Amino acid sequence: MPEHKSGFVAIVGRPNVGKSTLLNRIVGQKIAIMSDKAQTTRNKIQGVYTTPEAQLIFIDTPGIHKPKHRLGDFMVEAAYSALKEVDAVLFMISADQKRGRGDDFIIERLKNVTSPVYLVINKIDKIHPDELLSIIEDYSSQMPFAQVVPISATEGNNVDRLMETLVDEMPEGPQYFPEDQITDHPEYFVVSELIREKVLVLTRDEVPHSVAVVVDSMKRNENDKIQIQATIIVERDSQKGIIIGKGGKMLKQIGTKARKDIESLLGDKVFLELWVKVQKDWRDKKVYLQDFGYRK
Ligand code: GDP
Ligand code: MG
Ligand code: K
């Protein structure tokens, strides 16, 4: 059985090039938006694309375009630093518009991004095919692209190819969201990612990146704290041992660090309970995902 792949994809581009149109075509429906508080600290998940083999999570990077005031610079830089964490970046342009200052501004920032950047030339239905080559040459002279993919988001041309290309690019990883459901609670996912991040950082990569964290429940308790129960899933007993640590020390550390991040994300006091479970080949077991609360 082939590995399951998953990863994050950011779509950037000046206004009106068709970013939302593409996302809606890919995902079909919009997922619930996180609270404003959450959006200030984390990028917004815009949509999830799932096949049996892979899952792509599209994120929004607000404030990516050229700031009008100096004050805006900081915001833009913050948005771009988020691009370092994604597995691929789609830089979308519109075939019927000349490269402008807005595009050049984005290109300058993308030059520092280590993830592969795809040039997506949208609205090819609006141009003659002969015009495509000069567009490709013009942009490719500015920076290298992992690939150039001409599409029409409204007509659907080549969108399948774009998805295949992206899936190829994704690293091995779990299916975070159920295939038939775009979660009502994207904050579950973000919380699980915060915990996962602590596991990876604190165990210094002694556990594989395929380690998964599932938030089983999240509710306000009688002490007016957000009570979160989450399970860290690993594939081997030895990995479980590393995560728990001597006398539970490592797990405690993971929990403390994660709790602080979650508290600043949610803007609320949090009581975090963590469990560690071993499940061999858990990624192949869809029923298991359900047990672990992906459908909360
Ligand atoms: P965004 O600002 O980048 O999110 O752009 P939108 O998705 O809102 O699209 C801006 C406009 O371009 C809308 O009127 C879309 O219908 C139109 N549009 C998007 N993709 C295409 C395309 O492939 N072909 C054509 N002809 N129009 C498109
Ligand atoms: Mg839009
Ligand atoms: K969407």
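Residues numbered from 1 in each chain as written. Chains lettered and ligands numbered in written order. Predicted model: local features only at pLDDT ≥ 70, side-chain atom pairs only at ≥ 80, totals over all residues. Heavy atoms only, no water.

1. Observations regarding unusual backbone geometry
Next up, step 1: The backbone phi angle of Asn16 is positive, close to 70°, even though this residue is not glycine.
Next up, step 2: Summarising the element assignment, Asn16 is placed in the loop between strand S1 (5–12) and helix H1 (19–27).
Next up, step 3: Under the relative-accessibility criterion, Asn16 is labelled exposed at 67%.
Next up, step 4: A positive phi angle, near 70°, is found at Asn158, a position not held by glycine.
Next up, step 5: Relative to the elements of secondary structure, Asn158 occurs in the loop between strand S6 (147–150) and helix H6 (159–169).
Next up, step 6: By relative accessible area, which is 30% here, Asn158 ends up partly exposed. (Helix = DSSP H or I, 4+ residues; strand = E, 2+ residues; numbered from the N terminus. Buried < 20%, exposed > 50% of the residue type's maximum accessible area, 1.4 Å probe, protein only.)

2. Concerning the environment of Gly13
Next up, step 1: Within the fold, Gly13 resides in the loop between S1 and H1.
Next up, step 2: With 94 residues separating them in the primary sequence, Gly13 and Ile107 have C-alpha atoms 9.6 Å apart.

3. Some details on the side chain of Thr165
Next up, step 1: One can find Thr165 in helix H6.
Next up, step 2: Non-local contacts of Thr165, meaning those with residues more than four positions away in its chain, are made with Tyr118 and Gln147. (Contact = heavy atoms within 4.5 Å.)

4. Points about the sheet that holds strand S9 (residues 270–278)
Next up, step 1: The sheet built from three strands is open, its strands ordered S7-S8-S9 with mixed pairing. Looking along the sheet, the strands with just one partner apiece sit at the ends: strand S7 (212–220) and S9. Direction aside, neighbouring strands of the sheet carry axes that sit 15° apart on average.
Next up, step 2: Across eight bridges, S7 lies against strand S8 (residues 226–234) in antiparallel orientation. Looking across to S8, one finds that Lys219 is bridged to Gln227.
Next up, step 3: Here helix H8 (residues 237–244) sits on the sheet and contacts S8 and S9; the angle it forms with S9, its principal contact strand, is near 155°. (Pairing = 2+ DSSP bridges. Axes fitted to C-alpha atoms, helices over the stretch in contact; angles between N-to-C directions.)

5. Brief notes about the site of ligand 1
Next up, step 1: Residues in close proximity to ligand 1 total 14 residues, the closest being Asn16, Lys19, Thr21, Asp125 and Ala153.
Next up, step 2: Here Ser152 contributes a side-chain N or O atom positioned 3.1 Å from an oxygen atom of ligand 1.
Next up, step 3: Side-chain polar atom of Thr154 to a nitrogen atom of ligand 1: 3.0 Å apart, as the coordinates give it.
Next up, step 4: A per-element tally of the shell around ligand 1 places H1 first, with three residues.
Next up, step 5: In terms of residue class, the shell around ligand 1 is made up of three nonpolar, seven polar and four charged. (Near = heavy atom within 4 Å. Polar contact = N/O pair within 3.5 Å; in protein donor to acceptor, adjacent residues only side chain to side chain. Nonpolar A, V, L, I, M, F, W, Y, C, P; charged D, E, K, R; others polar.)

6. A short note on the confidence of the model for the protein
Next up, step 1: Residues of the protein with pLDDT of at least 70 account for 77%, and the chain-wide mean is 80.
Next up, step 2: Across residues 29–43, where pLDDT falls below 50, the model places 36 contacts with residues more than four positions away in sequence or in other chains.
Next up, step 3: Of the regions scoring below 50 in pLDDT, residues 284–296 engages in 33 contacts with residues more than four places distant in sequence or in other chains.
Next up, step 4: Overall fold confidence (pTM) sits at 0.63, and the ipTM for the predicted complex is 0.96. (pLDDT = per-residue confidence, 0-100.)

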